[in-house]
Amino acid sequence: MNEITSRLSVRTGGESHGKGMTVLLEGLPRGLTLDVAAVDAMLARRQGGAGRSGRQRLEADRIEVLGGIRAGKTLGSPLVLLVRNRDCSIETLPEPVRPRPGHVDLAGCYRYLDHDIRGSLERASARETVGRVAAGAVCAQVLLHFGTSVFGFVRSVGTAVLPAEIPGEIALEDVPRWTAQRTASQLYTLDAGVDAAMLEEVRAAGRDADTVGGVVEVQALGLLPGVGSHLQWHERLDARLAAALLSIPAMKAFELGLGFAAAGRRGSAVHDPILPAGILPAGQCGLPRRPTNHAGGIEGGIGNGQNVVVRAAMKPIATLKNPLPSVDLRTGAPAEAGYERSDVCAVAAASVVAEAMVAIVLCDALLARLGGETMEEMQARAGLGRARLDKLVPRDSGSGAAGG
Ligand SMILES: Cc1cc2nc3c(=O)[nH]c(=O)nc-3n(C[C@H](O)[C@H](O)[C@H](O)COP(=O)(O)O)c2cc1C
(Lines give C-alpha, C1' and ligand atoms only; values in the text may rest on other atoms or scores of the structure.)
Protein backbone atom coordinates (compact mmCIF):
# COMPACT_ATOMS: atom_id res chain seq x y z
CA MET A 1 0.00 0.00 0.00
CA ASN A 2 1.14 3.55 -0.64
CA GLU A 3 0.43 5.72 2.38
CA ILE A 4 -2.00 7.82 0.36
CA THR A 5 -3.93 4.90 -1.10
CA SER A 6 -5.94 2.10 0.54
CA ARG A 7 -6.29 -0.59 -2.07
CA LEU A 8 -4.03 0.36 -4.93
CA SER A 9 -0.28 0.34 -4.68
CA VAL A 10 1.59 2.38 -7.30
CA ARG A 11 5.39 2.19 -7.30
CA THR A 12 7.61 3.71 -9.94
CA GLY A 13 11.26 2.91 -10.72
CA GLY A 14 13.97 4.09 -13.05
CA GLU A 15 16.37 6.99 -13.56
CA SER A 16 15.95 9.85 -16.01
CA HIS A 17 18.82 8.66 -18.23
CA GLY A 18 18.73 4.97 -17.25
CA LYS A 19 17.36 2.18 -19.44
CA GLY A 20 13.73 3.00 -18.81
CA MET A 21 10.93 3.92 -16.45
CA THR A 22 8.78 1.28 -14.75
CA VAL A 23 5.56 1.26 -12.80
CA LEU A 24 3.99 -1.53 -10.78
CA LEU A 25 0.28 -1.24 -10.04
CA GLU A 26 -1.14 -3.64 -7.51
CA GLY A 27 -4.78 -3.94 -6.49
CA LEU A 28 -6.54 -3.49 -9.84
CA PRO A 29 -9.66 -5.59 -10.34
CA ARG A 30 -9.67 -8.53 -12.74
CA GLY A 31 -11.43 -8.03 -16.06
CA LEU A 32 -10.53 -4.50 -17.16
CA THR A 33 -9.86 -4.41 -20.89
CA LEU A 34 -6.65 -2.39 -21.07
CA ASP A 35 -6.67 0.28 -23.76
CA VAL A 36 -2.93 0.51 -24.46
CA ALA A 37 -3.42 3.24 -27.09
CA ALA A 38 -5.15 5.44 -24.51
CA VAL A 39 -2.20 5.00 -22.12
CA ASP A 40 0.25 5.90 -24.91
CA ALA A 41 -1.88 8.91 -25.86
CA MET A 42 -1.67 10.24 -22.30
CA LEU A 43 2.09 9.67 -22.29
CA ALA A 44 2.35 11.62 -25.56
CA ARG A 45 0.34 14.44 -24.00
CA ARG A 46 2.82 14.50 -21.08
CA GLN A 47 5.63 15.00 -23.60
CA GLY A 48 3.96 18.01 -25.18
CA GLY A 49 3.27 21.65 -24.40
CA ALA A 50 5.24 24.78 -25.30
CA GLY A 51 8.50 25.34 -23.45
CA ARG A 52 9.78 21.76 -23.31
CA SER A 53 13.41 20.82 -23.91
CA GLY A 54 14.83 18.86 -26.85
CA ARG A 55 14.57 15.69 -24.73
CA GLN A 56 10.90 15.40 -25.61
CA ARG A 57 11.66 15.33 -29.35
CA LEU A 58 14.12 12.53 -28.71
CA GLU A 59 11.84 10.30 -26.64
CA ALA A 60 8.71 8.53 -27.93
CA ASP A 61 7.13 7.16 -24.78
CA ARG A 62 5.17 3.92 -25.25
CA ILE A 63 4.32 1.26 -22.69
CA GLU A 64 5.40 -2.33 -22.85
CA VAL A 65 3.23 -4.55 -20.67
CA LEU A 66 5.44 -6.96 -18.72
CA GLY A 67 2.82 -8.54 -16.49
CA GLY A 68 -0.74 -8.53 -15.21
CA ILE A 69 -2.57 -8.92 -18.54
CA ARG A 70 -3.89 -11.90 -20.48
CA ALA A 71 -5.99 -11.67 -23.64
CA GLY A 72 -6.01 -7.89 -23.23
CA LYS A 73 -7.63 -7.93 -19.78
CA THR A 74 -6.25 -7.37 -16.30
CA LEU A 75 -5.78 -10.53 -14.28
CA GLY A 76 -5.93 -8.93 -10.84
CA SER A 77 -2.21 -9.61 -10.45
CA PRO A 78 0.33 -6.75 -10.41
CA LEU A 79 0.27 -4.76 -13.65
CA VAL A 80 3.88 -4.13 -14.64
CA LEU A 81 4.63 -1.49 -17.28
CA LEU A 82 7.91 -0.38 -18.86
CA VAL A 83 8.65 2.74 -20.90
CA ARG A 84 12.13 2.62 -22.43
CA ASN A 85 14.37 5.71 -22.47
CA ARG A 86 16.02 6.58 -25.78
CA ASP A 87 18.50 8.78 -23.95
CA CYS A 88 20.02 6.21 -21.59
CA SER A 89 23.39 7.89 -21.16
CA ILE A 90 23.50 7.74 -17.35
CA GLU A 91 26.90 6.05 -17.24
CA THR A 92 28.64 8.69 -19.38
CA LEU A 93 26.95 11.93 -18.31
CA PRO A 94 29.17 14.49 -16.53
CA GLU A 95 29.22 14.73 -12.75
CA PRO A 96 27.69 18.10 -11.76
CA VAL A 97 29.60 19.92 -9.00
CA ARG A 98 27.73 23.25 -8.82
CA PRO A 99 24.31 22.57 -7.23
CA ARG A 100 21.27 24.34 -8.75
CA PRO A 101 19.15 26.36 -6.31
CA GLY A 102 15.63 24.92 -6.30
CA HIS A 103 16.60 21.41 -7.40
CA VAL A 104 17.50 18.30 -5.39
CA ASP A 105 21.25 18.82 -5.96
CA LEU A 106 22.41 20.23 -2.61
CA ALA A 107 19.76 18.59 -0.40
CA GLY A 108 20.65 15.22 -1.97
CA CYS A 109 24.28 15.72 -1.00
CA TYR A 110 23.17 16.35 2.58
CA ARG A 111 21.08 13.16 2.52
CA TYR A 112 23.86 10.90 1.24
CA LEU A 113 26.76 12.86 2.75
CA ASP A 114 28.61 12.89 -0.55
CA HIS A 115 29.01 15.03 -3.72
CA ASP A 116 27.08 12.70 -6.04
CA ILE A 117 24.57 15.22 -7.39
CA ARG A 118 23.75 13.04 -10.39
CA GLY A 119 22.96 10.15 -8.04
CA SER A 120 20.00 12.20 -6.76
CA LEU A 121 18.95 14.33 -9.74
CA GLU A 122 18.42 11.29 -11.95
CA ARG A 123 15.54 10.23 -9.71
CA ALA A 124 14.25 13.69 -8.72
CA SER A 125 13.90 14.47 -12.42
CA ALA A 126 10.31 14.65 -13.64
CA ARG A 127 11.00 11.79 -16.05
CA GLU A 128 9.86 9.70 -13.06
CA THR A 129 6.34 10.97 -13.75
CA VAL A 130 6.22 8.81 -16.91
CA GLY A 131 5.35 5.85 -14.65
CA ARG A 132 2.72 7.85 -12.79
CA VAL A 133 1.05 8.98 -16.01
CA ALA A 134 0.96 5.40 -17.30
CA ALA A 135 -0.61 4.28 -14.00
CA GLY A 136 -3.01 7.23 -14.00
CA ALA A 137 -4.12 6.43 -17.54
CA VAL A 138 -5.02 2.90 -16.43
CA CYS A 139 -6.88 4.22 -13.36
CA ALA A 140 -8.77 6.68 -15.60
CA GLN A 141 -9.98 3.71 -17.63
CA VAL A 142 -11.36 2.04 -14.49
CA LEU A 143 -13.08 5.29 -13.49
CA LEU A 144 -14.66 5.71 -16.94
CA HIS A 145 -16.48 2.39 -16.46
CA PHE A 146 -18.14 3.98 -13.41
CA GLY A 147 -19.08 7.21 -15.17
CA THR A 148 -16.18 9.31 -13.86
CA SER A 149 -14.03 11.49 -16.16
CA VAL A 150 -10.89 13.25 -14.99
CA PHE A 151 -9.90 16.38 -16.90
CA GLY A 152 -6.71 18.40 -16.34
CA PHE A 153 -5.79 21.75 -17.86
CA VAL A 154 -3.59 24.80 -17.29
CA ARG A 155 -5.11 27.72 -15.39
CA SER A 156 -2.11 30.05 -15.50
CA VAL A 157 1.43 30.45 -16.83
CA GLY A 158 3.36 33.30 -15.25
CA THR A 159 1.02 36.30 -15.27
CA ALA A 160 -1.30 34.91 -18.01
CA VAL A 161 -4.37 33.57 -16.20
CA LEU A 162 -7.51 31.83 -17.47
CA PRO A 163 -10.56 33.76 -16.13
CA ALA A 164 -12.16 32.03 -13.12
CA GLU A 165 -15.44 31.41 -14.95
CA ILE A 166 -13.72 29.28 -17.63
CA PRO A 167 -14.59 26.45 -17.76
CA GLY A 168 -16.83 26.65 -14.65
CA GLU A 169 -18.21 23.35 -13.42
CA ILE A 170 -17.57 21.01 -16.39
CA ALA A 171 -20.58 18.83 -17.29
CA LEU A 172 -20.05 15.32 -18.63
CA GLU A 173 -21.49 16.22 -22.04
CA ASP A 174 -19.06 19.18 -22.33
CA VAL A 175 -15.91 17.08 -21.89
CA PRO A 176 -15.38 16.57 -25.68
CA ARG A 177 -15.71 20.32 -26.32
CA TRP A 178 -13.19 21.23 -23.61
CA THR A 179 -10.89 18.43 -24.73
CA ALA A 180 -10.88 19.88 -28.27
CA GLN A 181 -10.16 23.35 -26.87
CA ARG A 182 -7.28 21.98 -24.80
CA THR A 183 -5.88 20.03 -27.76
CA ALA A 184 -5.84 23.22 -29.85
CA SER A 185 -3.87 25.04 -27.16
CA GLN A 186 -0.06 25.03 -26.93
CA LEU A 187 -0.24 25.35 -23.15
CA TYR A 188 -3.19 22.96 -22.60
CA THR A 189 -5.47 25.79 -21.56
CA LEU A 190 -9.11 26.46 -22.48
CA ASP A 191 -9.14 29.83 -24.25
CA ALA A 192 -7.30 30.79 -27.44
CA GLY A 193 -6.52 34.37 -26.31
CA VAL A 194 -5.15 33.22 -22.95
CA ASP A 195 -3.15 30.53 -24.75
CA ALA A 196 -1.44 33.23 -26.85
CA ALA A 197 -0.65 35.23 -23.70
CA MET A 198 0.75 32.11 -22.02
CA LEU A 199 2.88 31.35 -25.06
CA GLU A 200 4.32 34.86 -24.88
CA GLU A 201 5.16 34.28 -21.18
CA VAL A 202 7.10 31.15 -22.16
CA ARG A 203 8.87 32.84 -25.08
CA ALA A 204 9.80 35.87 -22.97
CA ALA A 205 11.22 33.65 -20.22
CA GLY A 206 13.22 31.75 -22.86
CA ARG A 207 14.54 34.99 -24.39
CA ASP A 208 15.67 36.09 -20.92
CA ALA A 209 17.41 32.72 -20.31
CA ASP A 210 14.90 32.26 -17.49
CA THR A 211 12.01 29.90 -16.63
CA VAL A 212 8.32 30.27 -15.72
CA GLY A 213 5.77 28.33 -13.63
CA GLY A 214 2.00 28.32 -13.34
CA VAL A 215 -1.14 26.72 -11.96
CA VAL A 216 -2.75 23.46 -13.10
CA GLU A 217 -6.36 22.47 -12.42
CA VAL A 218 -8.05 19.09 -12.47
CA GLN A 219 -11.79 18.46 -12.38
CA ALA A 220 -13.25 14.99 -11.80
CA LEU A 221 -16.84 14.59 -12.97
CA GLY A 222 -19.35 11.93 -12.06
CA LEU A 223 -17.59 10.47 -9.04
CA LEU A 224 -19.91 8.19 -7.07
CA PRO A 225 -21.10 10.28 -4.07
CA GLY A 226 -19.86 8.96 -0.73
CA VAL A 227 -16.42 7.87 -1.91
CA GLY A 228 -13.66 8.73 0.58
CA SER A 229 -13.51 8.73 4.36
CA HIS A 230 -13.69 10.99 7.40
CA LEU A 231 -12.46 8.30 9.79
CA GLN A 232 -8.68 8.74 9.83
CA TRP A 233 -6.54 11.72 8.91
CA HIS A 234 -4.72 9.87 6.16
CA GLU A 235 -7.94 8.52 4.65
CA ARG A 236 -9.54 11.89 3.91
CA LEU A 237 -9.96 12.34 0.18
CA ASP A 238 -8.88 15.99 0.30
CA ALA A 239 -5.70 15.10 2.19
CA ARG A 240 -4.90 12.34 -0.29
CA LEU A 241 -5.43 14.61 -3.26
CA ALA A 242 -3.22 17.26 -1.67
CA ALA A 243 -0.45 14.74 -1.02
CA ALA A 244 -0.78 13.32 -4.53
CA LEU A 245 -0.52 16.72 -6.22
CA LEU A 246 2.25 18.03 -3.96
CA SER A 247 4.23 14.86 -4.69
CA ILE A 248 4.66 16.06 -8.28
CA PRO A 249 8.12 17.63 -8.63
CA ALA A 250 8.02 21.44 -8.42
CA MET A 251 4.44 21.66 -7.06
CA LYS A 252 4.42 24.05 -4.11
CA ALA A 253 0.77 24.79 -3.20
CA PHE A 254 -2.60 23.03 -3.32
CA GLU A 255 -6.18 24.26 -3.43
CA LEU A 256 -9.52 22.46 -3.24
CA GLY A 257 -12.56 24.38 -4.55
CA LEU A 258 -12.37 27.98 -3.38
CA GLY A 259 -9.07 27.15 -1.70
CA PHE A 260 -7.17 30.10 -0.23
CA ALA A 261 -9.94 32.52 -1.23
CA ALA A 262 -12.31 30.86 1.28
CA ALA A 263 -10.23 32.18 4.18
CA GLY A 264 -11.14 35.79 3.38
CA ARG A 265 -14.90 35.28 3.08
CA ARG A 266 -17.73 34.89 5.58
CA GLY A 267 -19.15 31.37 6.03
CA SER A 268 -22.40 32.34 4.36
CA ALA A 269 -20.45 33.22 1.20
CA VAL A 270 -18.42 30.01 1.24
CA HIS A 271 -20.62 27.02 2.03
CA ASP A 272 -22.73 25.56 -0.75
CA PRO A 273 -26.46 25.61 0.11
CA ILE A 274 -28.37 22.31 0.04
CA LEU A 275 -31.58 22.62 -2.01
CA PRO A 276 -34.33 20.15 -2.93
CA ALA A 277 -33.56 18.11 -6.01
CA GLY A 278 -36.07 19.99 -8.18
CA ILE A 279 -37.02 18.86 -11.65
CA LEU A 280 -34.61 16.21 -12.79
CA PRO A 281 -33.80 14.86 -16.23
CA ALA A 282 -34.77 11.20 -16.67
CA GLY A 283 -32.23 8.83 -15.17
CA GLN A 284 -30.57 11.36 -12.87
CA CYS A 285 -30.64 10.41 -9.22
CA GLY A 286 -32.55 12.67 -6.93
CA LEU A 287 -29.90 14.00 -4.59
CA PRO A 288 -30.32 17.53 -3.25
CA ARG A 289 -28.94 20.23 -5.53
CA ARG A 290 -25.97 22.43 -4.68
CA PRO A 291 -26.13 25.72 -6.57
CA THR A 292 -22.40 26.37 -6.07
CA ASN A 293 -19.34 24.18 -5.62
CA HIS A 294 -17.02 26.19 -3.42
CA ALA A 295 -16.20 22.99 -1.50
CA GLY A 296 -14.58 21.47 -4.59
CA GLY A 297 -16.73 18.36 -4.33
CA ILE A 298 -15.47 17.14 -0.96
CA GLU A 299 -16.96 17.68 2.49
CA GLY A 300 -15.64 15.92 5.58
CA GLY A 301 -13.08 14.05 3.50
CA ILE A 302 -15.87 12.42 1.45
CA GLY A 303 -16.99 13.10 -2.13
CA ASN A 304 -20.35 14.91 -2.14
CA GLY A 305 -21.32 14.13 -5.73
CA GLN A 306 -20.20 17.44 -7.22
CA ASN A 307 -17.14 17.84 -9.41
CA VAL A 308 -13.91 17.37 -7.51
CA VAL A 309 -11.98 20.58 -8.30
CA VAL A 310 -8.30 20.80 -7.34
CA ARG A 311 -5.46 23.09 -8.31
CA ALA A 312 -1.70 23.06 -7.74
CA ALA A 313 0.90 25.77 -8.22
CA MET A 314 4.15 24.86 -9.97
CA LYS A 315 7.29 26.83 -9.25
CA PRO A 316 9.45 27.87 -12.24
CA ILE A 317 11.96 25.27 -13.45
CA ALA A 318 15.14 25.33 -11.34
CA THR A 319 17.70 24.83 -14.13
CA LEU A 320 18.57 28.31 -15.43
CA LYS A 321 20.59 29.20 -18.53
CA ASN A 322 21.49 32.40 -16.73
CA PRO A 323 22.36 30.68 -13.45
CA LEU A 324 21.97 31.85 -9.86
CA PRO A 325 24.92 31.89 -7.48
CA SER A 326 26.11 28.56 -6.13
CA VAL A 327 29.36 27.04 -4.90
CA ASP A 328 31.76 24.54 -6.42
CA LEU A 329 31.47 21.53 -4.12
CA ARG A 330 35.08 20.52 -4.77
CA THR A 331 36.56 23.82 -3.57
CA GLY A 332 33.80 25.65 -1.69
CA ALA A 333 34.47 28.68 -3.92
CA PRO A 334 31.62 30.78 -5.32
CA ALA A 335 30.48 29.63 -8.77
CA GLU A 336 27.48 29.85 -11.07
CA ALA A 337 25.01 26.96 -10.69
CA GLY A 338 25.34 24.20 -13.28
CA TYR A 339 23.18 24.00 -16.40
CA GLU A 340 22.08 21.01 -18.45
CA ARG A 341 19.34 20.54 -21.09
CA SER A 342 16.14 21.68 -19.49
CA ASP A 343 12.55 22.86 -19.98
CA VAL A 344 11.76 26.58 -19.86
CA CYS A 345 8.17 25.77 -18.85
CA ALA A 346 6.60 22.38 -18.04
CA VAL A 347 3.22 23.52 -16.71
CA ALA A 348 1.33 21.87 -19.60
CA ALA A 349 3.04 18.53 -18.93
CA ALA A 350 2.45 18.98 -15.20
CA SER A 351 -1.31 19.29 -15.84
CA VAL A 352 -1.20 15.81 -17.38
CA VAL A 353 0.72 14.45 -14.40
CA ALA A 354 -1.82 16.10 -12.06
CA GLU A 355 -4.67 14.50 -13.99
CA ALA A 356 -2.93 11.13 -13.60
CA MET A 357 -2.43 11.60 -9.85
CA VAL A 358 -6.08 12.55 -9.33
CA ALA A 359 -7.13 9.48 -11.33
CA ILE A 360 -4.95 7.26 -9.13
CA VAL A 361 -6.38 8.67 -5.88
CA LEU A 362 -10.01 8.55 -7.04
CA CYS A 363 -9.67 5.07 -8.53
CA ASP A 364 -8.23 3.87 -5.24
CA ALA A 365 -11.07 5.50 -3.29
CA LEU A 366 -13.63 3.90 -5.60
CA LEU A 367 -12.02 0.47 -5.26
CA ALA A 368 -12.00 0.87 -1.48
CA ARG A 369 -15.67 1.95 -1.46
CA LEU A 370 -16.95 -0.81 -3.73
CA GLY A 371 -14.69 -3.71 -2.83
CA GLY A 372 -14.80 -6.80 -5.04
CA GLU A 373 -12.15 -8.61 -7.04
CA THR A 374 -13.52 -8.14 -10.54
CA MET A 375 -14.92 -5.33 -12.65
CA GLU A 376 -18.21 -7.26 -12.72
CA GLU A 377 -18.46 -7.36 -8.91
CA MET A 378 -17.65 -3.68 -8.72
CA GLN A 379 -20.29 -2.81 -11.32
CA ALA A 380 -22.92 -4.75 -9.39
CA ARG A 381 -22.03 -2.97 -6.15
CA ALA A 382 -22.00 0.41 -7.84
CA GLY A 383 -25.47 -0.31 -9.22
CA LEU A 384 -26.75 -1.19 -5.73
CA GLY A 385 -25.18 1.94 -4.32
CA ARG A 386 -26.72 4.20 -6.94
CA ALA A 387 -30.16 2.63 -6.40
CA ARG A 388 -29.88 3.29 -2.64
CA LEU A 389 -28.67 6.84 -3.24
CA ASP A 390 -31.63 7.53 -5.49
CA LYS A 391 -34.00 6.74 -2.61
CA LEU A 392 -31.92 8.34 0.14
CA VAL A 393 -33.64 11.72 0.24
CA PRO A 394 -37.40 11.76 -0.51
CA ARG A 395 -38.45 14.26 -3.16
CA ASP A 396 -40.15 17.30 -1.68
CA SER A 397 -43.71 17.03 -3.05
CA GLY A 398 -44.48 20.56 -1.77
CA SER A 399 -41.85 22.22 -3.99
CA GLY A 400 -43.38 20.91 -7.19
CA ALA A 401 -40.40 18.64 -7.86
CA ALA A 402 -40.97 16.17 -10.64
CA GLY A 403 -40.59 12.41 -10.41
CA GLY A 404 -41.86 12.35 -6.77
C1 LIG B 1 6.57 17.77 -16.06
C2 LIG B 1 7.76 18.34 -15.34
C3 LIG B 1 8.92 18.64 -16.06
C4 LIG B 1 10.03 19.18 -15.42
N5 LIG B 1 11.14 19.50 -16.14
C6 LIG B 1 12.23 20.01 -15.53
C7 LIG B 1 13.40 20.37 -16.25
O8 LIG B 1 13.47 20.22 -17.48
N9 LIG B 1 14.44 20.90 -15.57
C10 LIG B 1 14.43 21.09 -14.22
O11 LIG B 1 15.37 21.57 -13.65
N12 LIG B 1 13.33 20.76 -13.51
C13 LIG B 1 12.23 20.22 -14.13
N14 LIG B 1 11.12 19.89 -13.40
C15 LIG B 1 11.10 20.17 -11.98
C16 LIG B 1 12.05 19.31 -11.22
O17 LIG B 1 11.68 17.98 -11.35
C18 LIG B 1 11.98 19.88 -9.81
O19 LIG B 1 12.35 21.22 -9.89
C20 LIG B 1 12.89 19.27 -8.84
O21 LIG B 1 12.44 18.00 -8.51
C22 LIG B 1 12.98 20.08 -7.56
O23 LIG B 1 11.72 20.51 -7.17
P24 LIG B 1 11.09 20.02 -5.81
O25 LIG B 1 11.81 20.76 -4.72
O26 LIG B 1 9.65 20.38 -5.88
O27 LIG B 1 11.29 18.54 -5.79
C28 LIG B 1 9.99 19.39 -14.02
C29 LIG B 1 8.83 19.08 -13.30
C30 LIG B 1 7.72 18.56 -13.95
C31 LIG B 1 6.48 18.22 -13.16
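These numbers were taken from a predicted model, which means no experiment stands behind them.

Criteria and thresholds
- Residues numbered from 1 in each chain as written.
- Predicted model: local features only at pLDDT ≥ 70, side-chain atom pairs only at ≥ 80, totals over all residues.
- Heavy atoms only, no water.
- Helix = DSSP H or I, 4+ residues; strand = E, 2+ residues; numbered from the N terminus.
- Buried < 20%, exposed > 50% of the residue type's maximum accessible area, 1.4 Å probe, protein only.
- Contact = heavy atoms within 4.5 Å.
- Areas by Shrake-Rupley, 256 points an atom, 1.4 Å probe, with all protein chains shown as cover.
- Lys, Arg positive; Asp, Glu negative; His and termini not counted.
- Charge placed at Lys NZ, Arg CZ, Asp CG, Glu CD.
- Polar contact = N/O pair within 3.5 Å; in protein donor to acceptor, adjacent residues only side chain to side chain.
- Pairing = 2+ DSSP bridges.
- Axes fitted to C-alpha atoms, helices over the stretch in contact; angles between N-to-C directions.
- Near = heavy atom within 4 Å.
- Nonpolar A, V, L, I, M, F, W, Y, C, P; charged D, E, K, R; others polar.
- Core = buried A, V, L, I, M, F, W, Y, C linked by side-chain atoms within 4.5 Å.
- Disulfide = S-S within 2.5 Å.
- Phe/Tyr/Trp six-rings, centres within 6.5 Å; stacked < 30°, edge-to-face > 60°.
- Lys NZ or Arg CZ within 6 Å of the ring centre and 35° of its normal.
- pLDDT = per-residue confidence, 0-100.
- Expected span 1.5 Å × (residues − 1).

### Concerning the overall build of the protein
Scanning the protein for helices and strands turns up 10 helices and 15 strands. Across its three principal axes, the protein shows a C-alpha extent of roughly 80 × 50 × 40 Å. Here the protein holds 404 residues, and 49% of them are scored as buried. Considering only contacts in the protein between residues 6 or more positions apart, those separated by 24 or more positions represent 71%. Of the roughly 18700 Å² of accessible surface on the protein, a fraction of 56% belongs to carbon and sulfur atoms. Taking the average location of the 44 positive side-chain charges in the protein and that of its 43 negative ones, the two points are 3 Å from each other.

### Let's talk about the side chain of S351
You can see S351 is positioned in helix α9 (residues 347-370). Judged by relative accessible area, S351 falls into the buried class, the value being 0%. Reaching out from S351, the side chain makes a polar contact with the backbone oxygen of A348 at a distance of 2.6 Å. Ignoring sequence-local partners within four residues, the contact set of S351 consists of G152, F153, V154, Y188 and V216.

### Some remarks on unusual backbone geometry
Most peptide bonds take the trans form, and the phi angle of most residues other than glycine is negative. Note that the residue after I166, namely P167, is joined by a cis bond; omega there is 0°. With phi around 55°, L113 is a residue other than glycine that occupies positive phi space.

### Some points on the sheet that holds strand β7 (residues 149-157)
One open sheet accounts for five strands, arranged β8-β7-β9-β13-β10; its pairing is antiparallel. The two strands at the open ends of the sheet, each matched to only one other strand, are β8 (160-161) and β10 (251-256). Sheet strands touched by helix α8 (residues 237-246): β10 and β13 (308-314). Its angle to β10, the strand with the most contacts, is close to 155°.

### Brief notes about the site of the ligand
Around the ligand sit 18 residues in total, of which A250, K252, T319, S342 and D343 are the nearest. Within the backbone of A124, an N or O atom sits 3.3 Å from an oxygen atom of the ligand. The protein chains hide 85% of the 620 Å² of surface that the ligand would expose on its own. Among the residues making up the shell around the ligand, the classes are represented as 10 nonpolar, four polar and four charged.

### Focus: the nonpolar core
Counting 94 residues, the largest nonpolar core has V157, L187, L237, L241, L245 and V310 as its most contacted members. For this core, the element with the most residues is α9, which contributes 18 residues. Excluding anything up to four places from it in sequence, L245 contacts M251, F254, V310, R311, A312, A354, M357 and V358.

### A short note on the state of the cysteines
One pass over the structure, following the stated rule, counts zero disulfides. C139 carries a free sulfur, and the closest cysteine sulfur to it, the one in C363, is 4.0 Å from it.

### With respect to the packing of aromatic side chains
Geometry of an aromatic ring pair is reported as the spacing of the ring centres plus the angle between the planes. Scanning all chains against the criterion turns up one aromatic pair. Between F151 and F153, the ring centres sit 5.9 Å apart and the planes meet at 40°, which makes this aromatic pair tilted. By the burial criterion, F151 is buried, and F153 matches it. The positively charged end of R177 is found above the aromatic ring belonging to W178, 4.6 Å away from the centroid.

### So, the packing of helix α1 (residues 36-47) against α9
Between α1 and α9, the shortest axis-to-axis distance is 7 Å and the interhelical angle comes to 145°. Contacts from M42, R45 and R46 in α1 reach A349, V352, V353, E355 and A356 in α9. Partitioned by chemical class, the residues of the contact of α1 with α9 number five nonpolar, no polar and three charged.

### Some words on the confidence of the model for the protein
When the pLDDT values of the protein are averaged, the result is 95; 96% of them are 70 or greater. Throughout residues 400-404 the model reports pLDDT below 50, and contacts reaching past four residues in sequence, or to other chains, amount to eight contacts.

### Some remarks on the pairing of strand β1 (residues 9-13)
With five bridges connecting them, β1 and strand β2 (residues 20-26) associate as antiparallel partners. Bridged to R11 within β2 is L24. Counted between consecutive antiparallel strands, the loop separating β1 from β2 contains six residues, among which G14 sits at a positive phi close to 115°.

### A closer look at α1
One turn of an α-helix holds 3.6 residues; hence residues three or four places apart share an orientation. Compared with the 16 Å implied by 1.5 Å per residue over 12 residues, the 17 Å span of α1 between its first and last C-alpha is a close match. Looking only at α1, the buried set comprises V39, D40, M42, L43, R45, R46 and Q47. Against α2 (55-58), β6 (79-84), α5 (129-145), α6 (175-184) and α9 lie the buried residues of α1. One or two positions beyond α1, positive phi appears at G49, with a value near 95°.

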